[in-house]
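# Analysis of the macromolecular model
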Amino acid sequence: YQPIVEASSRKIMGFEALMRWSRLSLGSVSPAQFIPMAEGNGLINLLGAWALKVACVQLKRFEEVAGRPLYVSVNVSPRQFRNSQFLARVDEAISLSGLKGNQLLLEITEGVLMSDPEHAEELLTAISARNVRIAIDDFGTGYSSLAYLKRFPIAALKIDRAFIKDLPESIKDAAICKVVLNLAENLNLATVAEGVENEQQLQFLNLQGC
């Protein structure tokens, strides 16, 4: 569980659930290896449903310790998103954990939206009706079209770590981040920067309103 920290107060607001696999014979297996395999053979639907439930239940435990509301962010794969049972799995996770809808943030990529816009619009509308929020993961690394920000009920943008790792020295990365953050502010969208690892990056993003 990777903490999601408010830049201005440095207070933990929630967590992103990340799947990892440790095996004695192999050591730590990168998700870059096993997630595409699971996506290809269909096991991602079982893995994803399990991860969603576990993450929501774990958040309740975190809240008990923290003594305040938090939220959890969970990645949704393309195959999960296309699965006819996905909405039912979301309902089960919320019901089992007792979370409020707005405490769950589902992360999808730009490609998932653009591959089948009609299905995406129908499903995202149903998800939003449950007050569950939607974030665009790895924003800016996929499709260049911004039309979906107008069409779909998006709540947050996640700035890919590729644009963060060389801040604030990289003039181009700084410019890209400023544009994304300004766009998000004007569209009333939340923003999350991935891979912030030092004080300089944090200060730059805080000043830009991330």
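It should be noted that the structure appears before, not after, this text.
As the structure is a computational prediction, the values presented were derived from the model and not from experiment.

Tallying secondary structure elements over the chain gives nine helices and nine strands in all. Its C-alpha radius of gyration of 17 Å places the chain within 12% of the 17 Å reference for a compact globule of 210 residues. For the chain, the C-alpha atoms occupy an extent of roughly 45 × 40 × 40 Å along the three principal directions. Buried positions account for 41% of the 210 residues belonging to the chain.

Attention now goes to the environment of Cys 56. Along the chain, the position of Cys 56 falls in helix α2 (residues 44-66). The class for Cys 56 is buried, based on a relative accessible area of 0%. In this structure the C-alpha to C-alpha distance between Cys 56 and Ser 9, which are 47 residues apart in sequence, comes to 25 Å.

It is worth spelling out the pairing of strand β8 (residues 156-159) at this point. The alternating pattern of β8 places Ala 156 and Lys 158 and Leu 157 and Ile 159 on opposite faces, both of which are buried. For strand β7 (residues 133-139) and β8, the ladder comprises three bridges, and the chain directions are parallel. Bridged to Phe 139 within β8 is Ile 159. Pairing analysis gives four bridges linking β8 to strand β9 (residues 190-193), with the strands arranged parallel. Within β9, the residue paired with Leu 157 across the bridge is Thr 191. As a crossover connection, the stretch from β8 through helix α8 (residues 171-186) into β9 is right-handed.

The next thing to look at is unusual backbone geometry. Following Leu 167, the chain continues into Pro 168 via a peptide bond in cis, with omega recorded as -5 degrees. Structurally, Pro 168 is set in the loop between β8 and α8. Unlike most non-glycine residues, Asn 131 shows phi in positive territory, near 70 degrees. Within the fold, Asn 131 resides in the loop between α6 (117-129) and β7. Owing to a relative accessible area of 54%, Asn 131 belongs among the exposed residues under this scheme.

Among the five residues that make up strand β5 (residues 71-75), four are buried, leaving the element largely enclosed by the rest of the structure. Examined bridge by bridge, strand β2 (residues 12-17) and β5 share four bridges and lie parallel to one another. Bridging across to β5, Glu 16 finds its partner in Ser 73. Relative to strand β6 (residues 104-109), β5 runs parallel, the two being bridged by four bridges. Residue pairing in the sheet places Val 72 in a bridge with Leu 104 of β6.

Cut-offs used in this document
- Numbers given to residues run from 1 along each chain, matching the order in which its sequence is written.
- Per-residue local features are limited, in this predicted model, to residues with pLDDT of at least 70; the limit for side-chain atom pairs, both in listing and counting, is 80 or more; totals at the level of whole chains, interfaces and linings are taken over all residues.
- Water and hydrogen atoms play no part in the side-chain values, which are based on all heavy atoms of the structure.
- Each helix is a run of DSSP H or I of at least 4 residues and each strand a run of E of at least 2, with the numbering of both proceeding from the N terminus.
- The globule rule is 2.2 Å times the number of residues to the power 0.38, and the radius of gyration it is compared with is taken over C-alpha atoms.
- Relative accessibility decides the category of a residue: with a 1.4 Å probe and only protein chains considered, values under 20% of the type maximum give buried, values over 50% give exposed, and everything between is partly exposed.
- For two strands to be treated as a pair, DSSP must find no fewer than two bridges joining them.
- Orient the strands so they point away from the viewer, and a crossover whose first-strand-to-second-strand path over the helix runs clockwise is right-handed.

Any functional reading would require information beyond the geometric quantities listed.
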